[in-house]
Amino acid sequence: MNRELKRVCLYTRVSTSSQTTENQLFELKSLCERNNWEIIEIYDETISGTKNNDDRKEFKRMMNDLKKRKFDKIVCYSLDRLGRKTSELINFLTLLDDYNISLFCWKQNINTEDQMGRMFFQFISIISEYENNIRKERQISGIDRVKREGKKYGGNDFISEDQKNNVIQLRQQGLTYRKIKEEVDISLSSISQICNSI
């Protein structure tokens, strides 16, 4: 049975010059031949997986060609060739979805055109959202702790009710703003705001 001819590109990557993409290319070319996929372009590079996708010359070239719709599908050897950060991976998959480009990862047998592939995409989205929520919770927790301690966060004073009351009492005792600052250890502008709000 003849399968529909699909325009694909191959993306292969190794981390060091002592490695080669020869095995990756062999497997991917064999896969394309079996599935009647026409290879439009090969993006092949040697760069560490710890580098951001923006630092990858061939990856960026592939992204530019993707936006020009030069191919219908990206075929790669393994998912970790595309990025090791969940945030980068979800951005990549979202862009593919926006341009109606599918992805096939040989090692994990992930094909975003089938149900399992779409479920994988949804799972990655959930993980990314979970990571973002955890990050936000930690940030809020840190801000609350800084507020309780009356320290600065992002250039702003977080002032507790005790500190405000101390400022008001010291001002009523006739202390200058500078003397109050020495006692309470908050900025002069914050002391001024508290006193002007009385």
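Predicted model only: the values in this text are computed from it and were never measured. What you see as residue numbers is a count from 1 along each chain, following the sequence as written. pLDDT decides what is reported in this predicted model: residues at 70 or higher carry local features, side-chain atom pairs at 80 or more are listed and counted, and totals for whole chains, interfaces and linings draw on all residues regardless. Hydrogens and water molecules were not included; the side-chain quantities draw on all heavy atoms of the structure.

## Focus: helix α2 (residues 57-67)
Next up, step 1: Each residue is assigned to one of three classes by its accessible area relative to the maximum for its type, calculated with a 1.4 Å probe on protein chains only: buried under 20%, partly exposed between the two thresholds, exposed over 50%. Strands here are runs of E lasting at least two residues and helices are runs of H or I lasting at least four, both read from the DSSP assignment and numbered beginning at the N terminus. For α2, the complete set of buried residues consists of Glu58, Phe59, Met62, Met63, Asp65 and Leu66. The buried residues of α2 occupy an angular sector of 165° when the element is viewed end-on, so they sit on one face.
Next up, step 2: It only takes one pair of heavy atoms within 4.5 Å for two residues to be counted as in contact. The secondary structure elements touched by the buried residues of α2 are β1 (6-14), β2 (37-46), β3 (73-76) and α3 (86-98).
Next up, step 3: Two residues or fewer past α2, Arg69 is found with a positive phi of approximately 55°. What the arc measures is the spread of directions leading from the helix axis to the C-beta atoms.

## A closer look at the nonpolar core
The tendency in soluble globular proteins is for nonpolar side chains to be buried side by side.
Next up, step 1: Within the largest apolar cluster, 21 residues are counted, with the highest numbers of intra-cluster contacts made by Met62, Phe71, Ile74, Leu82, Phe92, Leu96 and Leu103.
Next up, step 2: Of all the secondary-structure elements, those providing two or more residues to this core are β1, α2, β3, α3 and β4 (102-105).
Next up, step 3: Excluding residues within four positions of it along the chain, Leu103 makes contact with Lys73, Ile74, Cys76, Leu82, Phe92, Leu93, Leu96, Ile110, Asn111 and Thr112.
Next up, step 4: In terms of nonpolar packing, the next biggest core, distinct from the first, is built from 9 residues, Leu25, Leu31, Cys32 and Phe104 among them. Among buried residues, the Ala, Val, Leu, Ile, Met, Phe, Trp, Tyr and Cys ones that are joined through side-chain atoms within 4.5 Å form a nonpolar core.

## Quick notes on the packing of aromatic side chains
Each aromatic ring pair is summarised here by two numbers: the centre-to-centre distance and the angle between the ring planes.
Next up, step 1: The pairing test for Phe, Tyr and Trp rings, Trp by its six-membered ring, is centres within 6.5 Å, and the orientation test on the planes gives stacked under 30 degrees, edge-to-face over 60, and tilted for anything in between. One pass over the structure, following the stated rule, counts 5 aromatic pairs.
Next up, step 2: Relative to Phe59, the ring of Tyr11 has its centre 5.7 Å away and its plane inclined at 80°; by these criteria the two rings are edge-to-face. Of the two residues, Tyr11 is situated in strand β1 and Phe59 in helix α2; the sequence distance between them amounts to 48 residues. Each member of the pair Tyr11 and Phe59 is classed as buried.
Next up, step 3: A centroid spacing of 5.1 Å and a plane angle of 15° characterise the contact between Tyr77 and Trp106, whose relative ring orientation is stacked. Separated by 29 residues along the polypeptide, Tyr77 in the loop between β3 and α3 and Trp106 in the loop between β4 and β5 (110-111) bring together distant segments of the chain.
Next up, step 4: Looking at Tyr77, the relative accessible area reads 22%, which means it is partly exposed.

## Regarding the pairing of β3
Next up, step 1: Judged by which residues are buried, β3 turns out to be covered on both faces: Lys73 and Val75 on one side and Ile74 and Cys76 on the other are all buried.
Next up, step 2: In this scheme, strands are said to pair when DSSP sees at least two bridges between them. Relative to β3, β1 is paired through 4 bridges, and the arrangement is parallel. Bridge pairing links Cys9 to Ile74 in β3.
Next up, step 3: Alignment of β3 against β4, held across 4 bridges, turns out to be parallel. Bridge pairing links Cys76 to Cys105 in β4.
Next up, step 4: Whether a crossover is right-handed depends on one test, that the path from the first strand over the helix to the second runs clockwise when the strands point away from the viewer. Where the polypeptide runs from β3 across α3 and back to β4, its parallel neighbour, the crossover connection is right-handed.

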